[in-house]
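The primary structure of each chain is shown beneath.
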Amino acid sequence: MQLSFAHGDVPDAAQWGDWRWQVAHAVRNVHQVEELLGLRSGSLAYLSSAAARYPLFATPYYLSLAKSADLSDPVLRQCLPDNAELTEQAGGEPDALAEEACSPVSRLVHRYPDRVLYVTGNFCAVRCRHCLRKRDWERQVAPPSEDELALAADYLRKHTEVREVLISGGDPLMLPEESLRQIVAAFSAVPSIEMLRFGSRVPVVLPQRVTPQLAQILAGGKPAWLATHFNHPQELTAEAAAAADTLLRHGIGLVNQSVLLKGVNDSADCLGRLFTGLLRMHVKPYYLFHGDPITGAMHFRTGIKAGLALMDQLRGKISGMALPAFAFDLPGGAGKIRLQPEHILRCEADGTPVFMSYDGRETAYPN
Ligand SMILES: *Cc1c(COP(=O)(O)O)cnc(C)c1O
Ligand code: SF4
């Protein structure tokens, strides 16, 4: 939608395309949202306490992807506060994945044998309302110091079974370039590290930031992959495709991790358009996550059964390459579970299994 900038503040094309302009003009309170969306002053005041509990931050670019100022728009639902965030709901935890308990050295989470997660900070270009790390938003987490990086690199030198570092955040692509360069260099210097995987929503919410210079930094060490986070086809813009293209041209492999969000993308039609659209941009859909039980984000959860039913509806209808793994994280840091919809119907007396084809035909598979 067309945003309503105050007279004299209308950005020209160069400003709009400049990530620094986008960050400087990001909305930080509901009043600014009212202005940009052209809503009556005070009409969003009822959301102020949710915005006070979980800060609001969104680039004008991302807001402009909404089709209208209706708060049920899938883009607005992902970035504007909702009073449901304040309702305590059973089962919600601030750190449902127990990341803090699995951390042997500062910022590093070592949960699986051959890969670790490294948390670089907590600044993002948009504060997603469903964020897994909402608990951290109040705290300012600075980029890692050289000493902290050296400690993490030492840990990795001693743990030669670790082959991959997931560099996450917050959003690592929002770090100062010098910090990012140091991080890439520190981990790439560990001989047993074979690849880096960046986790970033910048291609979705601030694609202007993906300059050739930034891509060069990301690609400047061990082979790099980037896992991004598109959740809705409205996010698949020409700007996002250009960002993907820049990363690809620097040899960075691209995958996408979506979160299944109630009222945003919980229909087979929406997910199908998202996944096939991602493939068109050379981004492989990797995971569709069921929402974690995070305090302040419980209202986005659909239930695992609903997620499996959606995956089942997509099976066979769209390219197999477009289908991600449906997954969720077990509580207490027990790791990810991937689930497939069940397609086996029964076994005959002689043991022959009978399956349901994607278009609903019962078909035996001879043993
Ligand atoms: C999700 C996650 C990973 C990566 O798991 P993959 O299945 O390889 O994508 C690694 N470490 C932690 C702590 C994670 O939560
Ligand atoms: S970009 Fe990722 S880390 Fe940042 S607010 Fe969104 S979901 Fe959370």
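This report concerns the structure included in the present document. Counting restarts for each chain: residues are numbered from 1 in the order of the written sequence. Think of it this way: whatever chain is written first is A, whatever ligand is written first is 1, and the rest follow in order. Local features are withheld for residues below a pLDDT of 70 in this predicted model, meaning they are given only at 70 or higher, and side-chain atom pairs are given and counted only at 80 or more; totals for whole chains, interfaces and linings count all residues. No hydrogens and no water enter the side-chain calculation; it runs on all heavy atoms of the structure.

Here the focus is the site of ligand 1. Put simply, a residue is near a molecule or strand once any heavy atom of it comes within 4 Å of that molecule or strand. Within the structure, ligand 1 sits among Val109, Arg111, Tyr112, Arg115, Leu117, Leu166, Arg197, Tyr286, Tyr287 and Lys336. In the environment of ligand 1, an oxygen atom lies 2.6 Å from a nitrogen or oxygen atom belonging to the side chain of tyrosine 287. Notes on ligand 1: free accessible area 390 Å², of which the protein chains cover 90%. The secondary structure listing takes helices from DSSP runs of H or I that are at least 4 residues long and strands from runs of E that are at least 2 residues long, numbered from the N terminus. At the level of elements, strand 1 (108-112), strand 2 (115-119) and strand 7 (284-290) are the ones that each hand at least two residues to the shell around ligand 1. N or O atoms within 3.5 Å of each other form a polar contact, as long as, within protein, one can give a hydrogen and the other can take it, and as long as residues adjacent in sequence are counted only when both atoms are side-chain atoms. Exposure was quantified through the Shrake-Rupley algorithm and a 1.4 Å probe, taking into account, for residues, occlusion by the shown protein chains and nothing else.

Hydrogen bonds along the backbone pair up the strands of a sheet, which may run parallel or antiparallel. When DSSP finds two or more bridges between a pair of strands, those strands are recorded as paired. One open sheet holds the three strands; their spatial order is 10-11-12, and the pairing between them is antiparallel. The open sheet has two free edges, formed respectively by strand 10 (344-347) and strand 12 (362-364), since each of these has just one partner strand. Between one strand and the next, the sheet's axes are offset by a mean angle of 25 degrees, whatever the strand orientation. Both strand 11 (residues 353-356) and strand 12 contribute to a ladder of three bridges, which runs antiparallel. Across the sheet, valine 354 pairs through a bridge with alanine 364, a residue of strand 12. Only the stretch in contact is used when fitting a helix axis, every axis being a line fitted to C-alpha atoms; angles between N-to-C directions are given from 0 to 180 degrees.

The next point concerns a nonpolar patch on the surface. Together, Ile344, Phe355 and Tyr365 make up an exposed nonpolar region whose accessible area comes to about 290 Å². Its location among the elements puts isoleucine 344 in strand 10. What makes a patch is a set of residues exposed beyond 30% relative accessible area and free of salt bridges, joined within 9 Å when like-charged and within 5 Å when nonpolar (Val, Leu, Ile, Met, Phe, Trp, Tyr). Salt bridges are counted wherever a side-chain nitrogen of Lys or Arg sits within 4 Å of a carboxyl oxygen of Asp or Glu.

The subject of this paragraph is the nonpolar core. Grouping buried Ala, Val, Leu, Ile, Met, Phe, Trp, Tyr and Cys residues that are joined through side-chain atoms within 4.5 Å yields what is termed a nonpolar core. Think of it in three bands: residues with accessible area under 20% of the maximum for their type are buried, residues over 50% are exposed, and the middle band is partly exposed, with areas taken using a 1.4 Å probe on protein chains only. In this structure, Leu63, Leu156, Val165, Phe187, Phe198 and Phe275 are the most contacted members of the largest nonpolar core, which totals 85 residues. Excluding residues within four positions of it along the chain, phenylalanine 187 makes contact with Tyr118, Leu149, Ala152, Ala153, Leu156, Val165, Ile167, Ile193 and Leu196. Of all hydrophobic cores here, the second largest spans eight residues; its members include Ala96, Leu261, Val264 and Phe300. Should any heavy atoms of two residues lie within 4.5 Å, those residues are counted as being in contact.

Alignment of strand 8 (residues 325-330) against strand 9 (residues 335-339), held across five bridges, turns out to be antiparallel. Residue alanine 327 lies in a different strand from strand 9, and its bridge partner there is arginine 338. Counted along the chain from strand 8 to the antiparallel partner strand 9, the turn is four residues long, and its residue glycine 332 has a positive phi close to 70 degrees.

Lining residues are defined by having an atom within 4 Å of a point belonging to a cavity or pocket. Those points lie on a 1 Å grid over the protein atoms alone, cavities being sets where a 1.4 Å probe fits but cannot get out and pockets being open sets with protein on both sides within 12 Å along at least five of seven lines. Grid points are joined across faces, edges and corners, and a volume is the space filled by probe spheres set on the points. Throughout the structure, instances matching the rule amount to one cavity of 30 Å³ or more. Around the largest cavity, the lining residues are Pro203, Leu226, Thr228, Phe230, Ala244, Leu247, Leu254 and Val283. Mapped onto the lining of the largest cavity, the elements with two or more residues apiece are strand 5 (224-228) and helix 11 (238-249).

Moving on, we get to unusual backbone geometry. Residues glycine 169 and glycine 170 are joined by a peptide bond in cis, for which omega reads 10 degrees. Relative to the elements of secondary structure, glycine 170 occurs in the loop between strand 3 (164-168) and helix 8 (177-188). With a phi close to 80 degrees, arginine 107 is a non-glycine residue in the positive phi region. Tracing the backbone through its elements, the reader meets arginine 107 in the loop between helix 6 (74-79) and strand 1.

Attention now moves to the side chain of serine 200. In this fold, serine 200 is placed in the loop between strand 4 (195-199) and helix 9 (202-205). By relative accessible area, serine 200 is classed as buried at 4%. A polar side-chain atom of serine 200 sits 3.0 Å from the main-chain amide nitrogen of valine 202. Dropping the residues within four chain positions of it, serine 200 is found in contact with Asp171, Leu173, Leu226, Ala227, Thr228 and His229.

The values reported here are purely geometric and, on their own, carry no functional implication.
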